[in-house]
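# Notes for the structure review
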Amino acid sequence: MLRSFVTTTVACLATTPCVCLAQQAAAPAGSRLLDNSDPTLNLPVTPIAPGLRYVIGRNVSSNTIVIDTSAGAVIIDTSRPPASRAHFDVLNKNGVTKAAYVILTHGHGDHTGGVDLWKKAGAKVVAQENFAEFLQYQRMLTGFFAIRNGAQYQFAGGQGAAAQSRGSLAALAQSASIVPDITFAKQLSLDVGDTHLELYHTPGETPDHLTVWLPKLKAAFLGDNYYQSFPNMYTLRGTRPRWPAEYIQSLEKVLSLQPEIVVPSHGTAIVGKAEITRRLTQMRDAIKYVHDAVIAGMNAGKDARTLMDEIKLPKELDVGEGYGKISWSVRGIYESYAGWFNGDPAEMFSQSRSSVSPSLVALAGGAQPIADEAQKLLKSGKEVEALHLTAIGLEGSPGDKSLLRARIAAFETLIKASTNRNEVGWLQQGLAQAKTALGQ
Ligand SMILES: [Zn+2]
């Protein structure tokens, strides 16, 4: 039975199939943030409370959460292919053979991969009403996201952008066509047999994001609006603005419910009101701190790169940077408000700074002195500066082997030092490109 307080639409929202690409994803804390393992293996069904269990997703695949009711299971999120099939199978083996509803916390491909499987098990699909428009945005940029997702997530194992894009696309094709049976604007009440659920629109990571509230267990399911890292408020694979105010309001909405269980869609459940309040409050305050610091810096006339360097979270708000990074969020917030122009008059024109690289290389006496200088930078721990310098050198002297070798060394050192899942992906992409150029 379905009861709506505000706006309920029971409708088909899309008429053509779509390709949902691997989109923003989150990950649990610690070493698992860098988990590149096969997401289909070692998947127990973990109980959280009576009538509530989940399969924990790995390697940028969402959890699949199950609420057992007298009218069949309610599934929250379905992981990404191929993990979605493995989650489905292990739940089947554990008696979840029939589903009443699949609730999608948002339209990212790492949550929607198993929708068809659960529909065949009888489920109706529930999403927030912005879901269709969000899928259309992803579909419109299919080619762009194929390249970017392939680089960032390295699903195909670091074999270069093209192979990764193919792997990413093939793996995600199963989530191509999703038409929700039920959508809502702000709030939806859902009675499923003996179980009552409330769904709230809680935008943050995406505009169609929702939170599920299960009153009888005081359990909240908040998708990707919380995970154990600063949020990916700007994701390197490309995104529309993710507004800090929306994250903050959505976290406050969840806090106002006073949950005793919170199950995010990546990572493990948080149990206990005090710990939930501590963590969600800390995250809200960390986001607010970064946002307010960016605004203060903008009004003081500082540029985005200066603020990327300057803004750090105080110790009590340190939520980790295993997935999102403060510096990327700083620039993301800055440019969400101000756009791309940085005030340098030369930036008004299409000729980039790299247009003068051939002149610089000639002035330096060729590629070798630049490669030698890059090696000196590497010895003094300046890997990023070595990347900049070798990029200039290669623009003036394409394919130069000594420059490529310096570049490879810089990438290898940075990869070893990094603890951020997305950063490692892009560094591996750069390493693969340099090795390919060197014929390795
Ligand atoms: Zn996700």
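One can find the structure itself at the top, above this paragraph.
Let me begin by describing the structure that accompanies this report. Worth saying up front: this structure is predicted, and the values here are computed from it rather than measured.

All right, on to the pairing of strand β3 (residues 45-49) then. Residues in a regular strand point their side chains to alternate faces of the sheet. Pairing geometry for β3 and strand β4 (residues 52-55), over four bridges, is antiparallel. For A49, the partnering residue across the bridge sits in β4 and is L52. Where β3 hands over to β4, the hairpin turn is made up of two residues, of which G51 adopts a positive phi near 80 degrees.

So, on to the pairing of strand β11 (residues 195-201). With six bridges joining them, strand β10 (residues 187-192) and β11 adopt antiparallel strand pairing. By the bridge assignment for β11, D191 is matched with H196. Here β10 folds back onto β11 in antiparallel fashion, the turn holding two residues, of which G193 has a positive phi close to 55 degrees. Across four bridges, β11 lies against strand β12 (residues 210-214) in antiparallel orientation.

We now examine the packing of helix α14 (residues 401-417) against helix α15 (residues 421-437). Closest axis-to-axis distance for the α14/α15 pair is 9 Å, and the angle between their directions is 155 degrees. In terms of axis orientation, α14 runs roughly antiparallel to α15. Where α14 crosses over α15, the two elements pack in a sense that is left-handed. Where α14 abuts α15, its residues L404, R407, I408, F411, E412, L414 and I415 lie against V424, L427, Q428, G430, L431, A434, K435 and A437. In the contact of α14 with α15, the residues fall into ten nonpolar, two polar and three charged.

Moving on, we get to α15. Compared with an ideal rise of 1.5 Å per residue, which puts 17 residues at 24 Å, α15 spans 25 Å between its outermost C-alpha atoms and is within 8% of the ideal. Buried residues of α15: R421, N422, E423, V424, G425, L427, Q428, Q429, L431, A432 and A434, and no others. Positive backbone phi, approximately 80 degrees, marks G439, located one or two places after α15.

The rules behind the values
- Within every chain, residues take consecutive numbers counted from 1 along the sequence as written.
- Side-chain atom pairs in this predicted model are given and counted only at pLDDT of 80 or more, local residue features only at pLDDT of at least 70, and totals for whole chains, interfaces and linings cover all residues.
- The rule for pairing is simple: two strands pair if DSSP sees at least two bridges between them.
- A run of DSSP states H or I qualifies as a helix once it reaches four residues; a run of E qualifies as a strand once it reaches two. Both are numbered from the N-terminal end.
- Interaxial angle, 0 to 180 degrees, is taken between N-to-C directions of lines fitted to C-alpha atoms, where a helix line uses only the stretch in contact.
- Orientation is classified from the angle alone, with under 35 degrees giving roughly parallel, over 145 giving roughly antiparallel, 65 to 115 giving roughly perpendicular, and any other angle giving oblique.
- Crossings are assigned a handedness: left-handed for a near helix turned anticlockwise from the far helix by less than a right angle, right-handed for a clockwise turn.
- Our contact criterion uses C-beta atoms placed from the backbone: two residues qualify when those atoms are within 7 Å.
- Any residue outside Ala, Val, Leu, Ile, Met, Phe, Trp, Tyr, Cys, Pro, Asp, Glu, Lys and Arg is labelled polar, Gly included; the first ten of those are nonpolar and the last four are charged.
- Working rule for helices: expected span equals 1.5 Å times residues minus one.
- Three exposure classes are used, based on other C-beta atoms lying within 10 Å of a residue's own C-beta, which is placed from the backbone: buried for 20 or more, exposed for 12 or fewer, and partly exposed in between.

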